[in-house]
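# Structural overview for review
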Amino acid sequence: MISFALSPQQKQIKELVHWFAQHEVRPLALEADRLGRVPEEWLQKVNKMGIQLNTSSFGGGRSAPAAGQKPDKKEREGNRVAVIAAEELAWGCPAIALSLPGPGLGGPPIQSSGTPEQKQRFLSIFTKDEPRWGAYALTEPEAGSDASGIRTTARKVDGGYVLNGQKIFITNGARASWVVVFATVDPKLGRAGHRAFVVEKGTPGFLATRTVHKMGLRANETAELVFEDCFVPAENLLGGEELYSAAAHQPSGFQVAMKTFDSTRPIVAAMAVGIARAAYEYTLEIVRRDYPKQGRLYYEAAELLAEAEQEIDAARLLTWEAAWKADIGEANAMEAAICKAVAGKMALRVCAMCLELLGPVGLDGHLVEKLYRDVKVFDIFEGTQQIQRLVTARRLYAPYGVHV
Amino acid sequence: MISFRPTEEERAFCEVAKTIAVEEMRPSARDCEQRRSVSASIAKRLHELGFLGLELPESWGGLELPLISQAQIWQVLSYGDLGIVQGLPGPGEAASLMRQAPEHPVWRPYRDAGQTGIWPTVAFIDGEETIEVRRSRDGYRLNGTSAPVRRAAFADWVVAAGKDNEGEPVIVVFDERTWETIEGDFRLGLLAAGLGRIRFSDVFAGNDRVLARGEEASALLGHARARQCVLEAAKEVGLMEAALDYTIEYTAGRKAFGQEIAKFQGVSFTVAEMAFECRGARNIAWAAACRVDEQGRAAEGFAWRALARAHRSVRYVTDQAVQMLGGHGYVQEYPAEKWMRDAQAQVLLYARETDWFIRRGEQLLDERKERVAP
């Protein structure tokens, strides 16, 4: 039946993550933004607490069955749990949330396409002894929205591949213990030539050349990576040679990248919802406290706040719908694109509305201006809103045989 | 558990509703509009299937479905034609009052009439600002003319809600034609819906015609409004889905500059945005339906905003449908122009989009507890 009530597990995780976001993340948000990084000692502390941005917490908590273990018969709810948790973390601070140790956006491709050995090798390193990160590297200077146009090459050699190329805008790319890197074995093959590799930190020829300075998300590291004759052993080809030979006529490397988006876009959308909610709740309190209780200003504020509340909930429901479809095993690419497009745009608009309600005071030391700077990129990364429209339109026109 | 999957029963209802919507309502839409009434065969068919009594109590022979089920069914029926849906006979908005107070003697003749034939048609007046209600010792005297309401032209009953001269809420029910119908000059849309005004010229309603007064009336009305806001929002979603699907099909087939116009991003991106609006409005309406099912009047703020959102979305989607069809969108050989007119007429009937938001905003500003849970 149609229901919008959280299950006991979802409720528990929501409360737990919210508690963490409220007491551990939010108090640090403005300071981390000023510093341009998350303090190392804080990362050590939360890692010891076992809190990570990882696929298992995005995939249904620590109760998610490990490789080889029989899945239980209960309805899968990992994707719904993931978006609920992501919203709460981003509510605390999106830059800190993205800086939490763990495989991050590199987790889903390994989970979905890695061999059992690769899953074990790359996902088991995220332990409490010291914070570690994973990363995901698709974007290049000349290939952003058009991921099929990547130019990083992977030349097959004895025992593995040699990578050459450059990646930009890579979240946690410099500190990551490994990076999932997309490259082409032959640019002429287009998507069919794509392969995904896990490149480990310290691999000769793999360099993080610089971290970029951004409008927002300043506490979160965004790196540029360079691969110069970087040898990657065959066992680090994601999914192994079998994955690509089994689907000889399929653009499977590209599919790994696209499939990743189906699970990460709802999470990014949920984070945008969390940011918008943070701005809305912050502003609601100020309006309650400082605004006149009647008259023009009061009614204008009431209207704007109600509209913001509605927009936030609408985006959240779209996010839940995309996650729900993934949980029940249905294709969710269109829903993932819709929620990402709507939430990214909505969140910026809500933050702008909140700034309007705060007035010039909002310029000076208030959380909302930081959220406004942070949130803009949620309309860009993991596919711009234009790309989400393209993905949506393609699916809407598919029944008519028209490829747009 | 969060789920967007309808129940088996809902699916079965919607399947039947979709067949009627597509095969009977849509092809009759222009004809009904020109005749300014719903064809008897469609009304009869929907009555036989129980669709006119979705909200009515089971003890009356209605289906008394949860709001979330009704929302889906009205959404599908409105996919056929909103003008027809809004002109159907039956209890209309008053059904939610009947559902809440099924044993009230004022309804007895209505319930009895429904046992032997189609439910009588009720026009509902939310006439706080337009109808003067003067209290007397043994009842009320009503004077004034309502704003345009649907089904005024063929109403068998009228239910009027207002405030008396001392400011007390009151709901009165008329089952005899003591009112006058002002037909008016309606051209915009929903022309099969029997739009008109109801005029009371010193009409007396004895105490036996009073459904409720004071706090009781206020509670009944508040809950009924919440239910109606959700159902009207769901109908608007049905209309926008019709406009979206038609636009996709049209733009997939129409060629310009040597290719299907869907291949131009100016078109395909607009269609994607129409889909965003449809999904967003649908989910907000469904979520409001679930909340009202669970919490009754306490969830009225969610119902208000569902309607406000649907108003905004239905105007956008139907306007874009006309735009995407170009000149064809503007002429009556194609349905898009009618959908745009119907949408705007619907928004006017259940208007106050800004007011709904302000009311909701006042609720939010008045809430003291931290709002963590969605």
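Residues numbered from 1 in each chain as written. Chains lettered and ligands numbered in written order. Predicted model: local features only at pLDDT ≥ 70, side-chain atom pairs only at ≥ 80, totals over all residues. Heavy atoms only, no water.

## What about the interface of chain A and chain B?
With 56 residues of chain A at the contact, the number on the chain B side is 54 residues. Overall, the association of chain A and chain B removes approximately 5,200 Å² of surface from exposure, summing both partners, and the carbon and sulfur fraction of that is 66%. In terms of surface lost to chain B, no three residues of chain A exceed Ile 2, Arg 288 and Tyr 397 of chain A, which account for 14% of the buried area on that side. At the junction of chain A with chain B, the criterion picks out nine salt bridges. A salt bridge links Arg 279 of chain B to Glu 321 of chain A; the nearest nitrogen and oxygen atoms lie 3.2 Å apart. Taken together, chain A and chain B are joined by 21 residue pairs in polar contact (both at pLDDT 80 or more). The set of elements that each furnish at least two residues to the side of chain A that touches chain B consists of helix 1 (8–25), helix 5 (78–92), helix 10 (252–290), helix 11 (296–327), helix 12 (333–358) and helix 14 (385–397) of chain A. (Contact = heavy atoms within 4.5 Å. Buried area = accessible area lost by both parts, 1.4 Å probe. Salt bridge = Lys/Arg side-chain N within 4 Å of Asp/Glu carboxyl O. Polar contact = N/O pair within 3.5 Å; in protein donor to acceptor, adjacent residues only side chain to side chain. Helix = DSSP H or I, 4+ residues; strand = E, 2+ residues; numbered from the N terminus.)

## Some words on unusual backbone geometry
Of note, the phi angle at Asp 229 of chain A is positive, near 45°, even though the residue is not glycine. Residue placement: Asp 229 of chain A occurs in strand 7 (residues 222–233). By relative accessible area, which is 55% here, Asp 229 of chain A ends up exposed. One non-glycine residue, Arg 36 of chain B, adopts positive backbone phi at about 60°. Within the element layout of this structure, Arg 36 of chain B appears in the loop between helix 1 (8–35) and helix 2 (40–48). Using a relative accessible area of 39% as the deciding quantity, one classes Arg 36 of chain B as partly exposed. (Buried < 20%, exposed > 50% of the residue type's maximum accessible area, 1.4 Å probe, protein only.)

## Things to note about the environment of Ile 68 of chain B
If you trace the backbone, Ile 68 of chain B turns up in helix 3 (residues 67–80). Each C-alpha atom of the pair Ile 68 of chain B and Cys 290 of chain B lies 5.7 Å from the other, and the pair is 222 residues apart in sequence. If sequence neighbours within four positions are ignored, Ile 68 of chain B has contacts with Ile 2 of chain A together with Glu 10, Trp 286, Ala 289, Cys 290 and Asp 293 of chain B.

## Comments concerning the UniProt feature "domain: Acyl-CoA oxidase/dehydrogenase middle" (unreviewed entry) in chain A
Mapped onto the present numbering, the UniProt feature "domain: Acyl-CoA oxidase/dehydrogenase middle" (unreviewed entry) falls at residues 135–230 of chain A. Counted over residues 135–230 of chain A, helix gives 0% and strand 51%. Its end C-alpha atoms are 17 Å apart. (UniProt positions renumbered as here; feature names shortened; annotations may be inferred.)

## Section: the confidence of the model for chain B
Reading predicted coordinates in detail is not appropriate for stretches of low pLDDT. For chain B, the mean per-residue pLDDT works out to 95, and 98% of the residues sit at or above 70. For the stretch residues 369–374 of chain B, pLDDT sits under 50, and the model shows 15 contacts to residues farther than four places along the chain or on other chains. (pLDDT = per-residue confidence, 0-100.)

## Some thoughts on empty space enclosed by the protein
All names here are of chain B. The full count for this structure, using the stated rule, is three cavities of 30 Å³ or more. Taken as a whole, the largest cavity spans an internal volume of roughly 210 Å³. Residue assignment for the lining of the largest cavity shows that the elements contributing at least two residues are helix 3 and helix 7 (214–253). The greatest single-element share of the lining of the largest cavity, amounting to four residues, is contributed by helix 7. Residues that form the lining of the largest cavity fall into these classes: 10 nonpolar, five polar and six charged. If you count residues domain by domain, the lining of the largest cavity takes at least three from each of domain 1 (8–100) and domain 3 (216–366). In this structure, the second largest cavity spans a volume of roughly 50 Å³. Around the second largest cavity, the lining residues are Gly 127, Ile 131, Val 133, Leu 142, Ala 160, Ala 161, Gly 162, Val 170 and Val 172. Secondary-structure elements contributing two or more residues to the lining of the second largest cavity are strand 4 (157–163) and strand 5 (169–174). (1 Å grid on protein atoms, 1.4 Å probe; cavity = no way out; pocket = protein on both sides within 12 Å on 5 of 7 lines; lining within 4 Å. Points joined across faces, edges and corners; volume = space filled by probe spheres on them. Nonpolar A, V, L, I, M, F, W, Y, C, P; charged D, E, K, R; others polar. Domains from an automatic or database assignment.)

## Considerations on the UniProt feature "domain: Acyl-CoA dehydrogenase/oxidase N-terminal" (unreviewed entry) in chain B
UniProt tags residues 7–84 of chain B as "domain: Acyl-CoA dehydrogenase/oxidase N-terminal" (unreviewed entry). Regarding residues 7–84 of chain B, the helix share stands at 69% and the strand share at 0%, and the terminal C-alpha atoms are separated by 26 Å.

## Concerning the pairing of strand 5 of chain B
Residues and elements named next belong to chain B. Burial runs high along strand 5: five of the six residues are buried. When strand 4 meets strand 5, the two strands line up antiparallel, connected through six bridges. By the bridge assignment for strand 5, Lys 163 is matched with Pro 169. Linking two consecutive strands that pair antiparallel, namely strand 4 and strand 5, is a turn of five residues; a positive phi of about 85° is found at Gly 167 within it. Sheet analysis places strand 5 next to strand 8 (residues 210–213), joined by three bridges and oriented antiparallel. Counted as the bridge partner of Val 172 is Val 210 from strand 8. (Pairing = 2+ DSSP bridges.)

## Considerations on the domain arrangement of chain A
Residues and elements named next belong to chain A. When the domains of chain A are assigned, the result is domain 1 (8–123), domain 2 (134–253) and domain 3 (254–400). When domain 2 packs against domain 3, close to 1,400 Å² is buried across both sides, 66% of that on carbon and sulfur atoms. Taken together, the connections running from domain 2 to domain 3 amount to zero salt bridges. Put simply, domain 2 and domain 3 have two residue pairs in polar contact (both at pLDDT 80 or more) between them. Contributions of two or more residues to the side of domain 2 that touches domain 3 are made by strand 5 (194–200) and helix 10. A class-by-class count of the residues in the side of domain 2 that touches domain 3 yields 10 nonpolar, seven polar and two charged.

## Focus on the sheet that holds strand 1 (residues 122–126) of chain B
Residue and element names in this part refer to chain B. Strand order in this open sheet of four strands is 1-4-5-8, and the pairing throughout is mixed. Bordering the open sheet on either side are strand 1 and strand 8, each of which pairs with just one other strand. Shown here is a sheet whose adjacent strand axes are inclined to one another by a mean of 10°, direction ignored. Strand direction decides the pairing type here: strand 1 and strand 4, joined by five bridges, are parallel. When the bridges of strand 4 are listed, Phe 124 appears paired with Val 159. (Axes fitted to C-alpha atoms, helices over the stretch in contact; angles between N-to-C directions.)

## Comments concerning the sheet that holds strand 6 (residues 180–182) of chain B
Residue and element names in this part refer to chain B. The strand order across the open sheet formed by four strands is 2-3-7-6, and the pairing between neighbours is antiparallel. Only two strands of the sheet have a single partner each, and these edge strands are strand 2 (132–136) and strand 6. On average, each strand axis in the sheet is inclined to that of its neighbour by 15°, with strand direction left out of account. Bridging between strand 6 and strand 7 (residues 197–206) involves three bridges; their strand directions are antiparallel. The partner of Thr 181 across the bridge, within strand 7, is Ile 198.

## Overview of the environment of Gly 83 of chain B
Residues and elements named next belong to chain B. Note on placement: Gly 83 falls in helix 4 (residues 82–87). The spacing of Gly 83 and Ala 243 is 160 residues in sequence and 14 Å in space, taken between C-alpha atoms. Beyond its immediate chain neighbours, meaning those up to four positions away, Gly 83 contacts Leu 190, Ala 192, Ala 193, Lys 338 and Asp 342.

## Some details on the UniProt feature "domain: Acyl-CoA dehydrogenase/oxidase C-terminal" (unreviewed entry) in chain B
According to UniProt, the positions carrying the feature "domain: Acyl-CoA dehydrogenase/oxidase C-terminal" (unreviewed entry) are residues 233–345 of chain B. The span residues 233–345 of chain B carries 81% helix and 4% strand; its end-to-end C-alpha distance comes to 14 Å.

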